[in-house]
Structure formats: C-alpha cells, structure tokens
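# What the coordinates show
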Amino acid sequence: MRGPVPSSAVDFGAVRTEFELVEDFPADVLAEARASADRCAEGREDRRDIEFVTIDPPGAKDLDQAVHIAAEGGGYLVRYAIADVGALVAPGGALEAETRRRGQTMYLPDGSVPLHPRPLSEGAGSLLPEQDRAAALWEIHLDAAGEVTSASVRRALVRSRAQLDYAGVQADFDAGRVHPSIALLPEVGALRAAWGRAHGAIDLRLPAQEAVEGPDGWTVRIEPRTDFDAHNAQISLLTGVCAADIMLRAGVGLLRTLPAAPEDAVADLRRTAAALGQDWPAGVTVGDFLAGLDVTTPPGLAVMTDAARLLRGSGYAPFGTAAAPEPPADRGHAGVGAPYAHVTAPLRRLADRYATEVCLAACAGSPIPDWARGALDDVAETMIRTNTLANKVDRACIDLTEAVILAGRVGEEFAAVTMRADQVLLDEPAVIAPCTGGPPEGSRVTVRLETADVASRKVSFAYEKALA
C-alpha cells in the first residue's frame, strides 16, 4: 500500500459550470454594494468600548460575528455582535433582489461564490479588526448553570480588537495566554453543551472531509477541529435559541427546524451500539451517550455514523405571515434541544438578515418592518433550495478531488475503517467511499480500489480482509 499521491490537476470550474455558480454580480448590484451606507446610523448606540474579538478560519474576510464574554455576579454576560447587513442592504433594491436569488455563499475548495458582493461582505459589512462597524448587538445574561435569564438585541456601533483563528486560539489557551475577551468561552461553551443535552439535543460528531491544496497539489483530509470550535459554536447556538424565543413571543419569525429522533431509530441505534460493544447504560439519553462516544475508535465511529439516521428532515418554518400565520406544530430543533433560528451569519446566509430584523423590532417594541415580514415565506423557500444546492456542490468537490487523486491507482490496496457495512474511510488520503463485499462494520480493514473515474466523480472499493 503506497502513500497518498496528491494531484494539482483538480479543476473545480467544472463544478461551478454544472451547478451554474457565477461569482460576478450585475453592474447595478455591484454599484449598490459599493455605495452601501448605514441606513440606521442615527440613534445607533456607541459600544466601541467593548473589546470584541472575532474567531474564524485563517484568512477569512467575511466576518459575521464578534464575541465578548464577562463574569456577571454568579453567572455570565455574553455579548455577540453580528454584522448588521439589514442596515446596509436597502429593501426593494437590486442588491436585495440578487441576494434573494442567491440565498447563501457557496464555498468551494478554490474559493467562494459570495451571497453579497465582496466590497460589502469582505469590506463595509465585515467586522474586521480596528474598524468601526454597524452591528446587531446581542446581550445574553446567563446564570451559573448556563441558563438564559434574559436576552435582547439592538443596533450598535462596535469595533473588533483582534481577528483570531480557531487553531491559534486553542494554542493560546493551552499555553495559558488566551485573549481576555474569550477567557470564559470554554466555561460557557461547556455549560451550554450540557444544557443542550439536558434538553434532548443530539450532537453528531462525524468526520468532515475537506479538499486542500498543499505544495504537492490537492488532497483530501479530515477537517481539523479544536475544542474552541465547539465552544464558539455554542455561542452561535445560544443566540439562535434566544432569537427563536423572541420571535415566537412576537408571533412573527423564521425558525430553523429539525424533527426529534424517532423512537424506533433510537432503538435501532441501541442495537447497533450493543453489537459493536459500545456500552449504553439504561437511562442514559441518546445525546449523552453520543457525547461520550470515542469516535477515534472504529466501533465508535461506526456507531456515530449510524446515528446520522436519527436526524432527518431539517427545514425553515416561517410564521406570522399570510401563508403561515401560526408557528409550526413541531417547532423544535433536535440538534439544539429547543426552538432555534439562524441569525448569526447574515453576510453568508440570507435568512439571518430577515430573522435579525424581526428580533430588533420586537426588542425595540416597534412594528415588524413590512419588507422583513413580507419576505419570510420566500426566504424560507430560498434557503431550503440553496441548502440542497450547497450540499451538492460540497459533495461534488470532494468526489472530484477523490477521483483525481486516486486515478491510476485502481487495483491498489488501502488501510481503512468501516463506517458502515457498505462504506469505508481510508487512512490516507481521507477518502469516504462505497465498498462492496460486506466489510465488518466498525473494524479496521484492507480494501482494494476498484473504480476511480474522474468524469463521473465515482470512487469505489472492494473488501479484502480484516486487520488485527
């Protein structure tokens, strides 16, 4: 078994063409973005005194969120500044229409196809360090157990002090020199994760592939994740839970929904866990069981892979509109453990701009703007459509990279882990692909490459033998 052979000949332009992804914007849209100004500057509260920081992947320029966490009595005060895109995009204009069509930023390994023109998403709207920026400022008060005692959002002027990345923050924390604005992030993140599990949240920790270009070309690896990734995600989830609560009380909004896991699916997962020797004591919830699962072992990874069947049917649910006057009967999100809404990534995701506007009006005691309420039904449909598209684009890019780097190696053997009885994860490169021959689930195996077709983006393996 040879090592990986990365290739520089991966052309993602074919994926762009197939899915009709066009980065360029019409001239009137681009002009509007370049001329965008804060429509809500008058009366905006000046909170440049708060030492916000951003945490994003290295090199990111479309910075939606900035965070500051402080101790407050026996609890915590979480301040989360979100780019106020609603104040920069004029309702009824060419820019709004174009973003309504695009729905969200599409990310490919060699670059993105943005929701907004870059002068806005990476310039005037981005929470770049040492720049005064318009923000929707969330203030969320938590008690010592991480329970929300109150939450609100209002328009403010903010100034980020530093642009951090996950790996750097983790290294700083491990070395005892973390930025003071996020020193409490691990504490709050752990409390909120525990809160979610106590409310039935199911967190799937599956390996996420990414295509990356190195000095020798492209290859596929498992996306590295730090503890701070998970902690920072909890702040976004916390804000989304608060936003959903505000909108439900206001009777207008847009929820991100995911049905609870069916009981028969949970029972099936228990049988899988037992068959693979993974202890699941009686009385332990599925969320707590999965949180304690060691996914670095083949059996643990196989059980977590099987658990993906628990969470199906995600969607967007508008309410308080002509088409949907009432909230949905099933308004929860099984991955969060509560009703939830998207409000923390408006530069990259359309729904967040409109949901944020509803929350701002509700907290101010003002009428919900007609332009926001009237768009909710269409925005929900756009998000569902473009989420499907984004998943297809992501899968196509990974499949293409896998096929290219394995082309010419048909017949070779690779060490792998069986994720399912028909799917394996190679050790190197980190290819996830179908496998025939019934490899034993949750085991280390040797597989033989049978297909690596670049034109169809298909890769497949056959089971050879189990490894000790």
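Residues numbered from 1 in each chain as written. Predicted model: local features only at pLDDT ≥ 70, side-chain atom pairs only at ≥ 80, totals over all residues. Heavy atoms only, no water.

## Here we look at the overall build of the protein
Check the secondary structure of the protein and you find 13 helices and 17 strands. Here the protein has a C-alpha radius of gyration of 23 Å; the compact-globule value for 468 residues is 23 Å, and the two agree. Overall size of the protein, expressed as C-alpha extent along the three principal axes, is 70 × 55 × 50 Å. Per-residue burial for the protein yields a buried fraction of 52% across its 468 residues. Of the contacts formed within the protein by residues at least 6 apart in sequence, a portion of 73% connects residues at least 24 apart. When the accessible surface of the protein is summed, it comes to about 19,600 Å², and 51% of that surface belongs to carbon and sulfur atoms. Here the protein contributes 45 positively and 66 negatively charged side chains, and the mean placements of these two sets differ by 1 Å. (Helix = DSSP H or I, 4+ residues; strand = E, 2+ residues; numbered from the N terminus. Rg over C-alpha atoms; globule rule 2.2 N^0.38 Å. Buried < 20%, exposed > 50% of the residue type's maximum accessible area, 1.4 Å probe, protein only. Contact = heavy atoms within 4.5 Å. Areas by Shrake-Rupley, 256 points an atom, 1.4 Å probe, with all protein chains shown as cover. Lys, Arg positive; Asp, Glu negative; His and termini not counted. Charge placed at Lys NZ, Arg CZ, Asp CG, Glu CD.)

## Some thoughts on the packing of aromatic side chains
Counting across every chain of the model gives 5 aromatic pairs. An angle of 70° between the planes, with centres 5.4 Å apart, marks the rings of Phe173 and Phe228 as edge-to-face. A residue pair is termed long-range when its members are at least 10 positions apart, and Phe173 in helix 5 (residues 166-174) and Phe228 in helix 7 (residues 227-250) qualify at 55 residues. Given the relative accessible area of 33%, Phe173 is considered partly exposed. (Phe/Tyr/Trp six-rings, centres within 6.5 Å; stacked < 30°, edge-to-face > 60°.)

## Considering the UniProt feature "domain: RNB" (unreviewed entry) in the protein
In the numbering used here, UniProt assigns the feature "domain: RNB" (unreviewed entry) to residues 44-365. Across residues 44-365 one finds 33% helix and 25% strand; the C-alpha atoms that close the span lie 16 Å apart. (UniProt positions renumbered as here; feature names shortened; annotations may be inferred.)

## Some details on the sheet that holds strand 17 (residues 458-466)
Spatially, 5 strands are ordered 13-14-15-17-16 in a closed barrel, and the strand pairing comes out mixed. For this sheet the average axis-to-axis angle between neighbouring strands, irrespective of direction, equals 50°. Sheet topology note: the strand 13 (residues 413-420)/strand 14 (residues 423-426) ladder contains 4 bridges and is antiparallel. Pairing of Ala416 across the sheet is with Leu426, part of strand 14. Those strands touched by helix 10 (residues 298-307) are strand 13, strand 14 and strand 16 (444-453), and its axis lies near 50° from that of strand 13. (Pairing = 2+ DSSP bridges. Axes fitted to C-alpha atoms, helices over the stretch in contact; angles between N-to-C directions.)

## A few points about the pattern of salt bridges
Applying the stated criterion across every chain, the model contains 37 salt bridges. Connected through shared salt-bridge partners, Glu45, Arg47, Asp49, Arg79, Glu139 and Arg154 make up one network. (Salt bridge = Lys/Arg side-chain N within 4 Å of Asp/Glu carboxyl O.)

## Here we look at the domain arrangement of the protein
With domains assigned, the protein is organised as domain 1 (12-255 + 315-405), domain 2 (262-310) and domain 3 (409-467). Between the C-alpha centres of domain 2 and domain 3 the distance comes to 23 Å. Contacts between domain 2 and domain 3 engage 7 residues on the former and 10 residues on the latter. In terms of surface lost to domain 3, no three residues of domain 2 exceed Pro298, Leu301 and Thr305, which account for 65% of the buried area on that side. Linking domain 2 with domain 3 are 0 salt bridges. Viewed at the interface, domain 3 and domain 2 are joined by 0 residue pairs in polar contact (both at pLDDT 80 or more). (Domains from an automatic or database assignment. Buried area = accessible area lost by both parts, 1.4 Å probe. Polar contact = N/O pair within 3.5 Å; in protein donor to acceptor, adjacent residues only side chain to side chain.)

## Brief notes about the packing of helix 3 (residues 94-102) against helix 13 (residues 376-406)
Where helix 3 contacts helix 13, the axes come no closer than 8 Å and their chain directions differ by 45°. With respect to helix 13, the element helix 3 is oriented oblique. Between helix 3, through Arg100, Arg101 and Arg102, and helix 13, the contact on the second element is made entirely by Asp378, Val379, Thr382, Arg385 and Thr386. A breakdown of the residues in the contact of helix 3 with helix 13 according to their chemical character gives 1 nonpolar, 2 polar and 5 charged. (Parallel < 35°, antiparallel > 145°, perpendicular 65-115°, else oblique. Nonpolar A, V, L, I, M, F, W, Y, C, P; charged D, E, K, R; others polar.)

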